[in-house]
Amino acid sequence: MNKIKYMSGIVLLLALTLASCSDKPSADNYSTFTAKMMSDYLKEYPEYSYFTEIVNHAVPADESSTSGKLMDQLSAYGHYTLFLPDNNAVQKYLTEERQMTFEELLSNGALCDTIARTHLLPEIYLTSDMPTGVLPTQNMMQRNIEVLQSNDEEGHGIVIVNKNAKIFFSQTHQNDTVANGVVHRVDAV
């Protein structure tokens, strides 16, 4: 009788073990990616819609480039720093530096690409990581980025990029981090 109980117990344990094995993951293990990417950040703020359109129209000058659409890159994983000019800065640049309209700019995909990639670095830099001088990582146009850590008239710390673009410092938008990088709002192209 004990042998039968013993054998029945082994069969029951074996049956439970086999029944509990499954290749399907539990619904508790499913997850949805909800982090904000740099592309989402660009689309979220209307005061940066000009730069967002520039990125949307960016076409590499070298058509054989495998880099693809820039907005697609900013929608994927990576490590980027973006110096993001607002609409006023883009308009000022077009009026004073290029003497062209925004529509004329958008019709020139290579120029859009140059402007967009000039503002992007393939590495993450918080303002505290930016020493005065040239950053060790070039932008996505293979150009150097010069940084000046300084103080404004009131003694507040400021960061100036390439001698003309001041990074905005505010309580809500300083070193804005996203899943694939950091965004610095700047006042010039």
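Enquirer: An account of the overall build of the protein is requested, with residue identities and associated values reported.
Expert: Helix and strand content of the protein: seven helices and eight strands. Sorting the 189 residues of the protein into buried and exposed places 37% on the buried side. Within the protein, counting contacts between residues at least 6 apart in sequence, those at least 24 apart form 61% of the total.

Enquirer: Residues and numbers for helix 5 (residues 87–98), please.
Expert: Think of an α-helix as turning once every 3.6 residues; residues three or four places apart then point the same way. With 12 residues, helix 5 should cover 16 Å at 1.5 Å per step; its first-to-last C-alpha distance of 15 Å lies within 8% of that length. Each element contacted by the buried residues of helix 5 is listed here: helix 3 (49–57), strand 1 (80–85), helix 6 (102–106) and helix 7 (109–118). Gln99, located one to two residues past helix 5, shows a positive phi value of around 50 degrees.

Enquirer: Outline the sheet that holds strand 6 (residues 165–166), listing residues and values.
Expert: Taken in spatial order, the four strands make up an open sheet running 3-4-5-6, and their pairing is antiparallel. For this open sheet the edge positions go to strand 3 (133–134) and strand 6, each flanked by a neighbour on one side alone.

Enquirer: Summarise the side chain of Asn180; cite the residues concerned and give the values.
Expert: For Asn180, the location among the structural elements is in the loop between strand 7 (176–178) and strand 8 (181–186). There is a polar contact of 3.0 Å between the side chain of Asn180 and the backbone oxygen of Leu74. A distance of 2.9 Å separates a polar atom in the side chain of Asn180 from the backbone oxygen of Ala76. Other than its neighbours up to four places away in sequence, Asn180 contacts Met37, Met38, Gln73, Leu74, Ser75, Ala76, Tyr77, Gly78, His79 and Tyr80.

Enquirer: If you had to explain the pattern of salt bridges to someone new, which residues and values would you point to?
Expert: A complete count under the given rule lists four salt bridges for this structure. The shortest N-O distance in the salt bridge between Lys36 and Glu44 comes to 2.7 Å. Using a relative accessible area of 33% as the deciding quantity, one classes Lys36 as partly exposed. Ionic pairing is found between Glu47 and Arg185, a salt bridge with its closest N-O pair at 3.5 Å. Within this pair, whereas Glu47 is found in the loop between helix 2 (38–44) and helix 3, its partner Arg185 is found in strand 8, the two being separated by 138 residues in sequence.

What counts, and at which threshold
- Residues numbered from 1 in each chain as written.
- Predicted model: local features only at pLDDT ≥ 70, side-chain atom pairs only at ≥ 80, totals over all residues.
- Heavy atoms only, no water.
- Helix = DSSP H or I, 4+ residues; strand = E, 2+ residues; numbered from the N terminus.
- Buried < 20%, exposed > 50% of the residue type's maximum accessible area, 1.4 Å probe, protein only.
- Contact = heavy atoms within 4.5 Å.
- Expected span 1.5 Å × (residues − 1).
- Pairing = 2+ DSSP bridges.
- Polar contact = N/O pair within 3.5 Å; in protein donor to acceptor, adjacent residues only side chain to side chain.
- Salt bridge = Lys/Arg side-chain N within 4 Å of Asp/Glu carboxyl O.

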